[in-house]
There are 2 protein chains.
Amino acid sequence: MRSSQVTIKDIARILGISPSTVSRALKNHPDISEETKVAVNELALKLKYQPNAVALSLKHSRSNTIGVIIPEIVHYFFSSVISGIEDVAYEAGFTVIICQSNEKYDREVANAKMLLSHRVDGVLVSISKETTNFDHLVMLQEGGLPLVFFDRIVPEIIADQVIINDEEAAYKATKHLIENGRRRIAHFAGPQNLLIGRDRKEGYLRAIREAGLQADPQLIIDADTYEKALIATNHLLTMDNPPDGIFATNDLTAIGAMQSLQKKGIKIPQQIAVVGFSDGRFSGITEPNLTSVDQHGYEMGSVATEILLNRLLSPSETYVPQTRVLSANLIVRGSSK
Amino acid sequence: MRSSQVTIKDIARILGISPSTVSRALKNHPDISEETKVAVNELALKLKYQPNAVALSLKHSRSNTIGVIIPEIVHYFFSSVISGIEDVAYEAGFTVIICQSNEKYDREVANAKMLLSHRVDGVLVSISKETTNFDHLVMLQEGGLPLVFFDRIVPEIIADQVIINDEEAAYKATKHLIENGRRRIAHFAGPQNLLIGRDRKEGYLRAIREAGLQADPQLIIDADTYEKALIATNHLLTMDNPPDGIFATNDLTAIGAMQSLQKKGIKIPQQIAVVGFSDGRFSGITEPNLTSVDQHGYEMGSVATEILLNRLLSPSETYVPQTRVLSANLIVRGSSK
């Protein structure tokens, strides 16, 4: 359809810069130098490059299908997001194609190409843990497909995005433990190369500092899997001054902690309180039930889809990307109170 | 593409019979009367109807995409099936489009239409709990798309299918309890309108009978959700002669049973042994770990995809549908031994 047209990739190749730099230069992104912006815009004009909004309006016929690229559907959070997406989409007469990257960059690229060739009308994306190059997503925008990112966003691409406030949620979770009398709170931290891992740790530290407590580096342990949590908990129990609370970066690690504690005869929450993160399917089947953060997956999916459908059904001349930050709340259950 | 061609629906309308009857008549299915077969074949000849194999071979260009219609991706079993599908498909250079019916007939129909209009090369299907009319699936076959059913199959449609032996798996689970000295085994049964619910109950009954034990109707309770399992367990404990083992139709109900038992101070497995079904994510996070049936979701997905790819890559003149029955095995853990 647009095979004979000039693309962002052509401009990038000629100037010897990356497609995402071209994309941002065309959108007047503050991170791009004036020099680059001028070069890109001059060449775009010369080659008669058509920006997305125009490409979009040229796309007369809709397939009434939207694509979703999701890391792992086995996660309860992501499957809740999909439910939210589908309910809004089907209500509006759209069908949903789901693609799983399975946390692999190569599959995410294959998914993007497939969605483009199948002419979906727009795409909802949450990137894989491996993804550091975003040309395949720029390619979708270039093909006239509006993108909406959710949860795992790409700051380098100008697009709508829906996220939750991880830092605030972690702060709330830790503050809850402090308000219930805990003074030595351990944190099972997620990978620090992921924004969500850093944000959750920062929220934890903010609550500790605000309460005038001392952050103890020995109480912060990298543990984002069930197995790591078993080891980490046993390690904490060998300390001269063990913790009286644990804030875990996800529910599976919180459950690992609970089981290790219960095996040693430690009472939850009386001796050590435990809080998880994500309100998955597990929180209701532990004994006691697990206090956890509700990530509002369903709401995230439905809000992202509303934004996308709005782009499709009421296209506007000026594209002002929006960021929606959903507030995550803590569901207090027996493990912490 | 084939809009001007005669379809199975046309033949059905003219003869006043259902499209699936026409489909079966054309395939010489033993359930269809000779009279109907003759009528259908004569009309098909007269109208120059082209059967699927021909339609398939006429389909010169492939999209290298296969579609999957699945009831609920939130189930660990189905997400394992998807992993198996994707690994085989991507290895062969195919991309996978996943559609969730969310157990709704309407969405399943919308999914089928969408997959047809997006020209996928073939479709893997497990039907929703609501689906009793199969015209949308016949439509896919008619459109030249090979179908492979998995887990929840449609006996009325002639197609490849991959299933597990639910009756045998339930038999093994119950026999295991008997071999470990249990004599009064309760069964939390699934919905009896579903084949898998009936098969699991039958396997349970066969093991009981074979061991020369008496099947007690009071020990068979409809309980396929976590909440129902809590109530059912408490009910069993009020009996004068409570059970010494429970075989539950799924893992969530087994976990409900375990929690109710533990709350009343009953030791698992010493006093009452518990076995679940499906080997989901939960079996490893209970204390003790849950004995359960491994449904081989990954294998089911990969086998179904191999069959489909074989249809696509080595189409044959004669179509002999195949049924693959995977043997489910019991994973024995602490809850029963």
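Residues numbered from 1 in each chain as written. Chains lettered and ligands numbered in written order. Predicted model: local features only at pLDDT ≥ 70, side-chain atom pairs only at ≥ 80, totals over all residues. Heavy atoms only, no water.

Caption draft 1: Region of the structure containing the packing of helix α8 (residues 166-179) of chain A against helix α9 (residues 195-210) of chain A. All names here are of chain A. The interhelical angle for the contact between α8 and α9, taken along N-to-C directions, is 40°, at an axis separation of 7 Å. Looking at the two axes, α8 sits oblique to α9. Pair α8 / α9 crosses with right-handed handedness. On α9, the residues that touch D166, E167, E168, A170, Y171, T174, K175 and I178 of α8 are I196, D199, R200, E202, G203, Y204, R206, A207, I208 and E210. Classifying every residue of the contact of α8 with α9 by side-chain character gives seven nonpolar, two polar and nine charged. (Axes fitted to C-alpha atoms, helices over the stretch in contact; angles between N-to-C directions. Helix = DSSP H or I, 4+ residues; strand = E, 2+ residues; numbered from the N terminus. Parallel < 35°, antiparallel > 145°, perpendicular 65-115°, else oblique. Left-handed = near helix turned anticlockwise from the far one by under 90°. Contact = heavy atoms within 4.5 Å. Nonpolar A, V, L, I, M, F, W, Y, C, P; charged D, E, K, R; others polar.)

Caption draft 2: Spotlight on the relation of the copies chain B and chain A. Screw-axis analysis of chain B against chain A gives a translation of 0.0 Å along the axis, an RMSD of 0.3 Å, and a rotation angle of 180°. Both copies of the chain, as the preceding transformation shows, are related through a two-fold rotation axis. Ranked by how close their C-alpha atoms come to the rotation axis, the residues of chain B are headed by I98 of chain B, at 2.4 Å. Looking at chain B, 97% of its interface residues are interface residues in chain A too, so the copies touch through the same face. (Least-squares fit on C-alpha atoms with pLDDT ≥ 70 in both.)

Caption draft 3: Up close: the packing of aromatic side chains. On inspection of all chains with the given rule, the structure shows four aromatic pairs over all chains. Their ring planes at 50° and their centres at 6.4 Å tell us that F247 of chain A and F277 of chain A sit as a pair that is tilted. One end of the pair, F247 of chain A, is in strand β8 (residues 245-248); the other, F277 of chain A, is in the loop between β9 (273-275) and β10 (292-294), with 30 residues separating them in the sequence. Since its relative accessible area comes to 0%, F247 of chain A is described here as buried. Arranged with centres 5.2 Å apart and planes meeting at 55°, the rings of F77 of chain B and F78 of chain B form a pair that is tilted. What makes F78 of chain B buried here is its relative accessible area of 2%. Its end group placed over the ring of F277 of chain B, R200 of chain B keeps NZ or CZ at 3.7 Å from the ring centre. (Phe/Tyr/Trp six-rings, centres within 6.5 Å; stacked < 30°, edge-to-face > 60°. Buried < 20%, exposed > 50% of the residue type's maximum accessible area, 1.4 Å probe, protein only. Lys NZ or Arg CZ within 6 Å of the ring centre and 35° of its normal.)

Caption draft 4: Main features of helix α2 (residues 19-26) of chain A. Residues and elements named next belong to chain A. Most of α2 sits out of view: seven of its eight residues are buried. Among all positions of α2, only P19, S20, T21, V22, S23, R24 and A25 are buried. For α2, the elements touching its buried residues are α1 (8-15), α3 (34-46) and α7 (135-142). Downstream of α2 by one or two residues, N28 has phi in the positive range, about 60°.

Caption draft 5: Main features of the state of the cysteines. Applying the stated criterion across every chain, the model contains zero disulfides over all chains. Its sulfur unpaired, C99 of chain A is 9.4 Å from the next cysteine sulfur, which belongs to C99 of chain B. A residue is classified by how much of its surface remains accessible, and C99 of chain A, at 0% relative accessible area, is buried. (Disulfide = S-S within 2.5 Å.)

Caption draft 6: Representation of the domain arrangement of chain A in the model. Here the domain parsing of chain A yields domain 1 (3-50), domain 2 (61-163 + 297-326) and domain 3 (166-295). Taking only C-alpha atoms into account, the centre of domain 1 of chain A sits 47 Å from that of domain 3 of chain A. (Domains from an automatic or database assignment.)

Caption draft 7: Just the interface of chain B and chain A, in detail. On the side of chain A, 33 residues touch chain B, which itself brings 33 residues to the contact. Where chain B abuts chain A, roughly 3000 Å² becomes buried across the two surfaces, and 57% of that area is made up of carbon and sulfur atoms. If you sort the residues of chain B by the area they bury against chain A, R107, H118 and I285 of chain B come out on top, with a joint share of 20%. On the surface where chain B and chain A come into contact, there are four salt bridges. Among the ionic pairs, D87 of chain A bridges to R107 of chain B, the shortest N-O distance being 2.7 Å. Seen at the junction of chain B and chain A, the total is 10 residue pairs in polar contact (both at pLDDT 80 or more). (Buried area = accessible area lost by both parts, 1.4 Å probe. Salt bridge = Lys/Arg side-chain N within 4 Å of Asp/Glu carboxyl O. Polar contact = N/O pair within 3.5 Å; in protein donor to acceptor, adjacent residues only side chain to side chain.)

Caption draft 8: Local environment of helix α6 (residues 105-117) of chain A. Residues and elements named next belong to chain A. Here α6 is 13 residues long and its end C-alpha atoms lie 19 Å apart, about the 18 Å a rise of 1.5 Å per residue gives. Every buried residue belonging to α6 is among R107, E108, V109, N111, A112, M114 and L115, and all of these are buried. Just beyond α6, the residue with positive phi is R119, at close to 55°. (Expected span 1.5 Å × (residues − 1).)

Caption draft 9: Representation of the sheet that holds strand β7 (residues 220-222) of chain B within the structure. Residue and element names in this part refer to chain B. Here four strands make up an open sheet; going across it, the order is β7-β6-β8-β9 and the pairing parallel. Either end of the sheet is taken by a strand with one partner, and the two such strands are β7 and β9 (273-275). The average angle at which neighbouring strand axes cross in this sheet is 15°, direction not considered. Contacting β6 (185-189), β7 and β8 (245-248), helix α10 (residues 226-237) crosses the sheet at an angle of about 155° to β6. (Pairing = 2+ DSSP bridges.)

Caption draft 10: Quick look at the sheet that holds strand β6 (residues 185-189) of chain A. All names here are of chain A. Here we have four strands laid out as an open sheet, ordered β7-β6-β8-β9, and parallel in their pairing. Each edge of the open sheet carries a strand with a single partner, namely β7 (220-222) and β9. Here the strands of the sheet are splayed against their neighbours by 15° on average, with no regard to which way each runs. Here four bridges tie β6 to β8, and the two strands are oriented parallel to one another. For F188, the partnering residue across the bridge sits in β8 and is A248. Along the sheet, α8 makes contact with β6, β8 and β9, crossing β8 at roughly 170°.

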